[in-house]
Amino acid sequence: MAERAIVVAAAILDATGERVLAARRTTPPETAGRWELPGGKVEPEETPEAALVREIGEELGCVVEVLDWLPGEAPIGESHVLRAATARLTAGEPRPREHDLLRWLTAEELDEVDWLAPDRPFLPHLADALTATSHAPRGIFFEEDDARSAAAQLRAEGWSADVVRERYHGEDDDEDHPWAVVTDAPLLVLELLVDEYDGWLDAPGDDGPDGSLAPEPLDLPTAPRRVKRPDR
Ligand SMILES: Nc1nc2c([nH]c(=O)n2[C@H]2C[C@H](O)[C@@H](COP(=O)(O)OP(=O)(O)OP(=O)(O)O)O2)c(=O)[nH]1
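Per an unreviewed UniProt entry, the recorded name for the protein is 8-oxo-dGTP diphosphatase, and the organism is Nocardioides eburneus. Per UniProt, the comment on the protein under Cofactor (unreviewed entry) is "Mg(2+)". Among the UniProt annotations of the protein, the heading Catalytic activity (unreviewed entry) holds the following wording: "8-oxo-dGTP + H2O = 8-oxo-dGMP + diphosphate + H(+)".

**Student:** Is there a simple way to think about the layout of surface pockets in this case?
**Tutor:** Over the atoms, a rolled probe matching the size of one water molecule traces out where space is still vacant. The space that makes up the second largest pocket amounts to roughly 540 Å³. Forming the boundary of the second largest pocket are 25 residues, of which Val7, Arg25, Glu36, Lys41 and Leu116 lie nearest the centre. Contributions of two or more residues to the lining of the second largest pocket are made by strand E1 (5–13), strand E4 (39–41), helix H1 (48–60) and strand E7 (80–91). Looking at the lining of the second largest pocket residue by residue, the classes come out as 10 nonpolar, seven polar and eight charged.

**Student:** Would you take a moment to explain unusual backbone geometry for this structure?
**Tutor:** With an omega of -20°, the peptide bond between Thr27 and Pro28 qualifies as cis. Positive phi is not limited to glycine here, since Glu45 has a value of about 70°. By the secondary structure assignment, Glu45 is in the loop between E4 and H1. The phi torsion at Asp198 lies on the positive side, around 65°, for a residue other than glycine. Assignment of secondary structure puts Asp198 in the loop between helix H4 (187–196) and strand E12 (200–202). Overall, Asp198 belongs to the exposed group, its relative accessible area being 66%.

**Student:** Honestly, the site of the ligand in this entry has me stumped. Any pointers?
**Tutor:** As a structural note, the neighbourhood of the ligand is formed by 14 residues, with Glu36, Leu37, Lys41, Pro118 and Asp119 the closest of them. A distance of 2.7 Å separates a nitrogen atom of the ligand from a polar backbone atom of Leu37. Glu55 places a side-chain nitrogen or oxygen 3.1 Å from an oxygen atom of the ligand. Protein coverage of the free-state accessible area of the ligand, which is 620 Å², stands at 72%. Of the pockets mapped on this structure, the ligand occupies the second largest pocket. When contributions to the shell around the ligand are tallied by element, the ones reaching two or more residues are E1 and E4. No other element matches the three residues that E4 contributes to the shell around the ligand. Residue composition of the shell around the ligand, by class: seven nonpolar, two polar and five charged.

Rules used in this analysis
Residues numbered from 1 in each chain as written. Predicted model: local features only at pLDDT ≥ 70, side-chain atom pairs only at ≥ 80, totals over all residues. Heavy atoms only, no water. UniProt positions renumbered as here; feature names shortened; annotations may be inferred. 1 Å grid on protein atoms, 1.4 Å probe; cavity = no way out; pocket = protein on both sides within 12 Å on 5 of 7 lines; lining within 4 Å. Points joined across faces, edges and corners; volume = space filled by probe spheres on them. Helix = DSSP H or I, 4+ residues; strand = E, 2+ residues; numbered from the N terminus. Nonpolar A, V, L, I, M, F, W, Y, C, P; charged D, E, K, R; others polar. Buried < 20%, exposed > 50% of the residue type's maximum accessible area, 1.4 Å probe, protein only. Near = heavy atom within 4 Å. Polar contact = N/O pair within 3.5 Å; in protein donor to acceptor, adjacent residues only side chain to side chain. Areas by Shrake-Rupley, 256 points an atom, 1.4 Å probe, with all protein chains shown as cover. Sits in = over half its atoms within 2 Å of the grid points.

Printed below as a string of structure tokens:
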């Protein structure tokens, strides 16, 4: 039997790594109204990564970087096979050109949409990827330069480090939002860096009471500051 042609699909993660983009198909009629990870067929002489970047550009008008291929592949009919990779946005915002609806889904919301059958085996892996990313400790910085310097230092020390634009929960607008450094470095290493570059740590359980990532405001002094002097 001839080898199956490859269809590649992107699990595009949002800047916090907590949500993935799902897209609703409009054609052909047998798939219209069902949800998929955006992507398409790999062309001859094209790598799967290049195909994914091209397809996302064509379908959503934005640029992605492929992160990791999710384990496994799933047959599509008799002649194709689906592979899926996590990806992150590096330019532009996804806008549907061929789909009629896009949705950002958290791990808990993944089963709220009617996925095409070939996508379903990837969902548990995707849920793991979303959970793993959202629980990773991050350094948060108000200045992009500080975030980039901290990330460069981490990379020089052999850790992975990505700079992403932070978003507050429920907001889609980047303006005035801080920058996050997502890394696999140990907490202690990250802690020293956020001190050095004037940032703060967002570790699991560190969110403010409303889930926002802003540092807790300091209490205002209620009495004049006293200088502590050693007892004579
Ligand atoms: N893109 C994509 N296609 C999927 C997924 N799951 C799944 O069964 N499919 C099926 C639907 C289509 O029959 C086929 C992919 O076709 P497509 O129309 O997206 O690919 P393409 O842009 O390269 O298509 P074409 O018009 O050039 O033929 O795979 C998925 O998650 N993403």
